Structures are given as C-alpha cells and as structure tokens.
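Read off the chains here:
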Amino acid sequence: MPHPYESSRRLDKAVEWIMVWMLRFGGWASVLVTFGIVITLITESEPFFSKVPFRRLMTDKMWTPLFADPQYGMSALLAGTLVTTGVALLVAIPLGTILAIYLSEFAPVRLREFVKPMLELLSAVPTVVYGYFALLTLTPLLQKIYPDLPQFSMLSAGLIMGIMIIPYVTSLGEDSMRSVPMLLREGAFALGDGKLGVALRVVFPGAFSGLAAAYVLAISRAVGETMIVAIAAGLQPKLTFNPLDSAATVTAFIVQVSLGDLPHGSIGYQSIFAAGAVLFLMTLGFNLAGHALRRRFHRAA
Amino acid sequence: MLPERMIEHQKGRALRRKAIDRWFGRLGFVLTVGTLGVLAVLLLNLAANGLFRIDWHFLTSFPSRRAAEAGVLSAWVGTALLMLVTASLAIPLGVAAGIYLEEYAPKNKWTDFVEINIANLAGVPSILYGLMALSLFVYQFRFGQSILAGGMALACLVLPIVIVSTREALRTIPAMIREAAFALGSTRWQAVWHHLLPYSTGGIATGVILSMSRAIGESSPLITIGALTFIAFLPPPAIVDHAPFVSFEWIFSPFTALPIQMFNWVSRPGEEFQANAAAAGLLLMVITLGMNGAAILLRRHAQRNIKW
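Note that this is a predicted model, so its numbers are computed, not measured.

Peer 1: Would you explain the overall build of chain A in this entry?
Peer 2: When you go through chain A residue by residue, the secondary structure sums to 12 helices and 0 strands. Across chain A, helices and strands are ordered from the amino to the carboxyl terminus as α-α-α-α-α-α-α-α-α-α-α-α. Since a compact globule built from 301 residues should have a radius of gyration of about 19 Å, the 25 Å found for chain A marks it as more spread out than a globular shape. Principal-axis analysis of the C-alpha atoms places the extent of chain A at approximately 80 × 75 × 35 Å. Burial status across chain A gives 50% buried among its 301 residues. A separation threshold of at least 6 residues defines the contact pool for chain A, and within that pool the share at least 24 residues apart is 74%.

Peer 1: Mind showing me how you'd approach the domain arrangement of chain A here?
Peer 2: How large an interface is tends to be reported as the accessible area lost when its parts come together. All names here are of chain A. Per the domain assignment, the segments of chain A are domain 1 (6-51) and domain 2 (74-300). The gap between the C-alpha centroids of domain 1 and domain 2 is 32 Å. Between domain 1 and domain 2, the contact holds 6 residues from the first and 7 residues from the second.

Peer 1: What should I look at first to understand the packing of helix α3 (residues 74-106) of chain A against helix α1 (residues 3-50) of chain B in this one?
Peer 2: A pair of packed helices is captured by two measures, namely the crossing angle of their axes and the spacing between those axes. For the pair α3 of chain A and α1 of chain B, the least separation of the axes is 9 Å and the interaxial angle reads 120°. As far as their axial angle goes, α1 of chain B and α3 of chain A are oblique. The element α3 of chain A and its partner α1 of chain B pack so that their crossing is left-handed. Facing Leu-95, Ile-98, Leu-99, Tyr-102 and Phe-106 of chain A of α3 of chain A, the residues of α1 of chain B in contact are Phe-24, Gly-25, Gly-28, Leu-31, Thr-32 and Thr-35 of chain B.

Peer 1: Is there a simple way to explain the interface of chain B and chain A in this structure?
Peer 2: Of the residues lining the interface, 68 residues belong to chain B; the matching set on chain A comes to 75 residues. Here the element with the most residues in the side of chain B that touches chain A is α1 of chain B; it accounts for 15 residues. When its residues are assigned to classes, the side of chain B that touches chain A shows 41 nonpolar, 23 polar and 4 charged.

Cut-offs applied
Residues numbered from 1 in each chain as written. Chains lettered and ligands numbered in written order. Predicted model: local features only at pLDDT ≥ 70, side-chain atom pairs only at ≥ 80, totals over all residues. Helix = DSSP H or I, 4+ residues; strand = E, 2+ residues; numbered from the N terminus. Rg over C-alpha atoms; globule rule 2.2 N^0.38 Å. Buried ≥ 20, exposed ≤ 12 C-beta atoms within 10 Å, placed from the backbone. Contact = placed C-beta atoms within 7 Å. Domains from an automatic or database assignment. Axes fitted to C-alpha atoms, helices over the stretch in contact; angles between N-to-C directions. Parallel < 35°, antiparallel > 145°, perpendicular 65-115°, else oblique. Left-handed = near helix turned anticlockwise from the far one by under 90°. Nonpolar A, V, L, I, M, F, W, Y, C, P; charged D, E, K, R; others polar.

Rendered as structure tokens:
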C-alpha cells in the first residue's frame, strides 16, 4: 500500500521542479541583458571601427562623423566627458567626504537617521530636472559673476552633476567609516586625540578602500550621466579643457544624434554605437575597480 | 621644561583640539543643511516658475506650438503605459532572480559570475540600455519606436534594483525560519512561498517602488530609441467594444513621456515654454520624490514590525 502522503508529495516535487526553472530563468534574464548590451555594442559599432582607421581616432582634432568631410577625433568627445566629470568630482568628493565624516563621526544618531534617506533623494531627482536647473537657474546665476559665460557651459552642468553624485560618495563612504571597529577609535582617544584627529588619522585610513570604491563608482556615474550635460553643457563636440566653454560629452553626442532622423545602418547610427562602446568600456573599468575595492574592504573589515 | 608648564602646554593642545572638533561639527552641519537645501531650492524654483501652469487644462491637453495651450496629456498617459509594461516585466523577473540567487543558487563560479554581472549592470549608464533597445527591440525584434520597446528598455534598466532589494529582503530573514519549514517537510519552494515571501513583502515592495520611481524619471534611453517629442494623440484604447474586448494594440503605439516632454520644452527658447518645462518638472518631482518618500516610510515600517 502506498504511503498516504505520497501523491501529494509527488505534486510538491513537481511544483518545486517547475518553480526552480522559472526562478532560474529570472537569474538568466540579467545575464541576457548584459549580453544584449555587449553584443549590440560590438556588432553595431564594428562597421564604424573597421571603416575609420585607428590613427584618425587618435589624431583628428574634431569629432564630426556626420559631416561631408568627416573628422573622427575621439579626443574632442572625451575632453567634454573629462571636464564635466572633473568639475563634478571637485564638488562631490570634498563635499561628500566631509558629509560622510560628519555623519559617521560627529552627527547625533537621530540627525543621521533623518539625513541619510533625505540625501538619497538627491540622486532620485530625475536628471532632466537637474538639467533644467543647471541651464535656466545656475547658468544665469554664474553669468552674474562671470558675464562671458556662454549659455551652455561644462562648468554649470558639472556643478549640478556633482550635487547629484554626492549621495553615492556619502552613503557608501559613511557605511565604510562606520564599520571601522570602535576599538581603534577608543585607542586613539585614549592617547588623547580629538574627534577630528581620530576621524582623519584612524577612521579615514581604516575605511580608505571603501571610500575609494565610493569615489570610483561616483566617477562611473558622472561619466555615464546624460541628460544634465545634454541640456546644460551643449551639444557641439569641441576639443577644449576650459570648463567655462561649452562642449558635448560622449553621452550628449549620442543624444544629439538620436534626436535627429536615424535610419538603421546609417553613419550616424554606427557612430552612436561607437560612442556607446567607448562609454561602456570606460564605465565597465570603473565599475569593476569599484567592486574590487569594495570587496577588499569587506574582507579587511 | 617645568612640570606645570608641560601641563599648561598639554591643556592648551587639548583645548585647541576641542575647538577644532567644534568647528568641524559646525561645518559639517552647515554643509549637510546646505546640501539638503539644494533639494528645497530645486522644488521651490520649479514651483515658482511652473506652479501657475498646472491646472485641469494642462493635464488634459496635448502638446501644442502655442505654449499657453500646451499640456501633458499624451506625456502622462505615455508614462503610465510605459510603467505598466516595465512593471509587468521587471517585477516578476527581478523577484524570481532574487529568490533564485538567495535561496537556490549553488555556490559556484557561474553564480559568482551572475552576481558580478548584476552588480556591474547596476552601474551601466542608462543611455546604453537605450542603445541596446534601439538595436535589439526596435530593429531586430521589429517592435518599432513603441511603448513596448521603451517599456522593455526601462525594465532592463531597473532589473538590478529589483533583484538587489529582493535579495536584501530575503537575507534579513533568519535561517531558523527556513529550517523550521524544512523540518515540517516542506519543499524549498513551499518555504519560500508560505514563509519567506510574506516576511519580505515590505522589503521587496520598497525596492519595486524605488525602481519604478527611477524608471519614471529616465529620459535618455527613451530618446535613443526615438521616442517622439511631439505626440498629439493617445495610444489606441485597451478596452474595445468587440470581442475579446481587450486590445493590446497600444503597446505598439508611438509615445512620449513626461521627462521627454519636459526635455523638449527645456530646449525651446521662450519663457512660456520654460514655464511648461517647470510645470512638467514639478509633476515629475512630486511623483518621484513622493514614491521615494513612500519607500522610505515603508522600509522603516517593515523593519519596525518584525521581531524574530
């Protein structure tokens, strides 16, 4: 005689089997997305890179792949990304680090618990709203200080982008500083150091790989940010390192081309995938470095 | 040096350190308030420039060449439909992946790879999802520049957020809950369905809200797939008067969305269009910040009510 529960057990097992495969499929979906991105970037930019000699990517001074007399100077695009990212980091790294030190070592617990989620809101603001703010509020304000500032400037876009990425620096940085063991702090206090001294000489070095991870991930965010620079920094690629000037970034170029008519396989179509491939490689490098640093920090702590 | 002078010297140093600490505390407080102040300035600025534009007419009108008559009807309908597509893809897939990785996945190289992949996916710039969608969904799959293609792009974009928050919610549940279920003879799925999922609903819902709020504000992937900025019509209705009474024609309809509409208005000259942009921005801010606020409250509530 079969066991009374056997048939229901068999059903349970069947359900289990079905569910495992459905859940596994969900896990694969994320891998499929990555493959989708990598493969489309490679196949769609391949015609561009095989047509344009590598030497011209390096030596041309302008980036005008859509013109009748095309120029392929990648440096003109990269300069825009470099300058806006640089300005953003000049805002986000000092400010974000000070806030992280303050919240982790100085602020009362209740203030910290209130401020942390509020800061996260800064990175939840839609970037098109930041772009609006940079173009129509910050730029006119800066023009009062420096009247020659053009309507589109990398300075204005970079400053706002810096505000946007502060939470990335602060929240990761604060987490890693707080996971520095209390014992180390107490030791330094016992030797007579003050709060700031302990923060800078004990906590900061102890949390450094966590903070470095925060900086690197913030860089990756700034490099990939699109709407703020597309709205406020200008859409014309230009080889300039002057933040008071306007220039397109890699991302802004993709937006600018996408706004026009874009037939499949046209040179414009190929060029945005080429720009996208470069962007992907840059952010991938930063992301992997950031995660490696983070993992190292977790192992040390 | 005499002992008294040494003591004085040390006292002076201690006082100086205390003063420095006090100053840094003040500096930190001022900078914190200042940084949060940006958020307030942003909101007030949008309200001052755009609040007067928000009325019934604005919400129920199509975009127009005359700024004063323009509205966001097609934009908010587009955003709502996009979110429908995004949610119905990203939530089941993301939660499934989260459950699989946290409860089922064996510890091996493949799982490590999937985990690194998800962490990295979360850092891929959103515009690259747009490029993928342009090549795959718009051209390869022939979905065209449709709500379906846009919604799928956004679903791919927020998938890591849903996965990570599902995993975090499951991870907070102590192992004893699983062991108790197994001891009573339940299968792994039964433990997940009857015990783990009910306990983690709050955490998962938080992640889902955050991911949707992110998707609502995204514009660059939609621009790359070629979402149009001037759409003066609505997608075909989902409910029709002939059998089978529901129609999915709308998912292949061209569309615009709130952030796209706002971008369009920002890039036009003229104060009137900028007022429209501010009004659209205000709507976006209210929606996204409201959703984020709800997520924060939900997370706090979920944490407070469970005592293992």
